[in-house]
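Residue-level listing of the chains:
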Amino acid sequence: MNLIDAITLEVADTAAAERFYATAFGLDTQLRLRTAQEPTTGFRGYTLSLTVSQPANVDALIEAALAAGATAIKPAAKSMWGYGGVVQAPDGALWKIATSAKKNTGPATREIDDIVLLLGVADVAASKKFYVEHGLTVGKSFGRVYVEFESGSSPVKLALYRRKALAKDAGVAPEGTGSHRIAICGAAPFTDLDGFAWETSALAAQS
């Protein structure tokens with residue numbers, strides 16, 4: 001199984017980004033940062049999701065992110081599937097904080113249950129086939145709409161969604177050009193059908 005060891009974001013200021021992610025979300029080993037090399041405009045074709053156990057935790061993480069310098073893109077609100085909102089980090093990455101729970105069951109915390117990388121792809125079925133051929137195992141699949149892969153012991157889950165639908169869910173326009181400004185750290189290097197690059201992680205290189 002080709003697991004994700006970490007996500008690398010390309011940012012303009014690595015020190016500032018480190019401060020933001022540590023302060024806002026408490027992320028460290030799951031997220032790596034390096035200086036941006038390529039220009040990008042508009043939607044970068046992906047979102048990162050933090051799933052939590054209750055609405056109060058969503059609010060706590062969004063408030064922490066905004067206080068650390070994030071921009072509100074989609075205010076937290078109830079929906080058919082639960083409760084969540086979207087913020088944009090100072091480096092431009094879109095983060096969705098959400099829960100499937102409708103009610104709080106305890107005091108608010110900033111504890112994160114899962115990190116999910118959602119890739120906006122042109123053809124979900126074709127990308128699903130590509131990733132299966134590259135060692136990933138399908139966990140959930142809803143035709144040509146959505147695919148989620150088994151994560152095993154990985155700190156980051158991978159899922160595929162149609163690009164326009166993902167942009168709509170995040171509250172942004174789907175247009176965008178240039179670099180994705182993200183790299184996925186896994187067992188082997190390759191580039192997928194939509195230009196998302198996988199790089200050999202340090203952990204995989206040592207094994």
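Going by the structure above, here's the rest.
Bear in mind the structure is a predicted one, so any value in this text is a computation, not a measurement.

A. A look at the environment of Ser201. You can see Ser201 is positioned in the loop between strand E15 (197–200) and helix H5 (202–206). As for Ser201 and Phe25, which are separated by 176 residues in sequence, their C-alpha atoms are 22 Å apart.

B. Here's a closer look at the packing of aromatic side chains. Within this structure, the stated rule accounts for 13 aromatic pairs. Where Phe142 meets Tyr146, the ring centres are 6.2 Å apart and the plane angle is 40°; that geometry is what we call tilted. Taken together, the ring pairs connect Phe130, Tyr131, Phe149, Phe190 and Trp198 into an aromatic cluster.

C. Examining helix H1 (residues 14–24) more closely. Regarding H1, the residues found buried are Ala17, Phe20, Tyr21 and Ala24. Projected down its long axis, H1 shows its buried positions confined to an angular sector of 90°, all on one face. If you follow the buried residues of H1, they end up packed against strand E1 (6–11), strand E2 (31–35), helix H2 (55–67) and strand E7 (94–99). Where H1 begins, one side-chain oxygen reaches toward the backbone nitrogen of Ala15, 3.1 Å away; that side chain belongs to Asp13.

What counts and what doesn't
- Along each chain, numbering runs from 1 in the same order as the chain's sequence is written.
- Since the coordinates come from a predicted model, pLDDT governs what is reported: local features require at least 70, and pairs of side-chain atoms require 80 or more to be given and counted, while whole-chain, interface and lining totals use all residues.
- Excluded from the side-chain calculations are hydrogens and water; all other atoms, namely the structure's heavy atoms, are used.
- A run of H or I in DSSP counts as a helix once it spans at least four residues, and a run of E counts as a strand once it spans at least two, with each numbered from the N terminus.
- Stacked, tilted and edge-to-face are the three classes assigned to paired rings of Phe, Tyr and Trp, where Trp is represented by its six-membered ring and a pair needs centres within 6.5 Å; plane angles under 30 degrees give stacked, over 60 edge-to-face, the rest tilted.
- Burial status follows relative accessibility: with a 1.4 Å probe on protein chains alone, a residue under 20% of its type maximum counts as buried, one over 50% as exposed, and anything between as partly exposed.
- The directions considered for the arc run from the helix axis to the C-beta atoms.
- Contacts between residues were defined by any pair of non-hydrogen atoms, one from each residue, lying within 4.5 Å.
- Whenever a nitrogen or oxygen atom comes within 3.5 Å of another N or O atom, the pair is scored as a polar contact, on the condition that within protein one atom can donate a hydrogen and the other can accept it, and that pairs from neighbouring residues in sequence are kept only if both atoms are in side chains.

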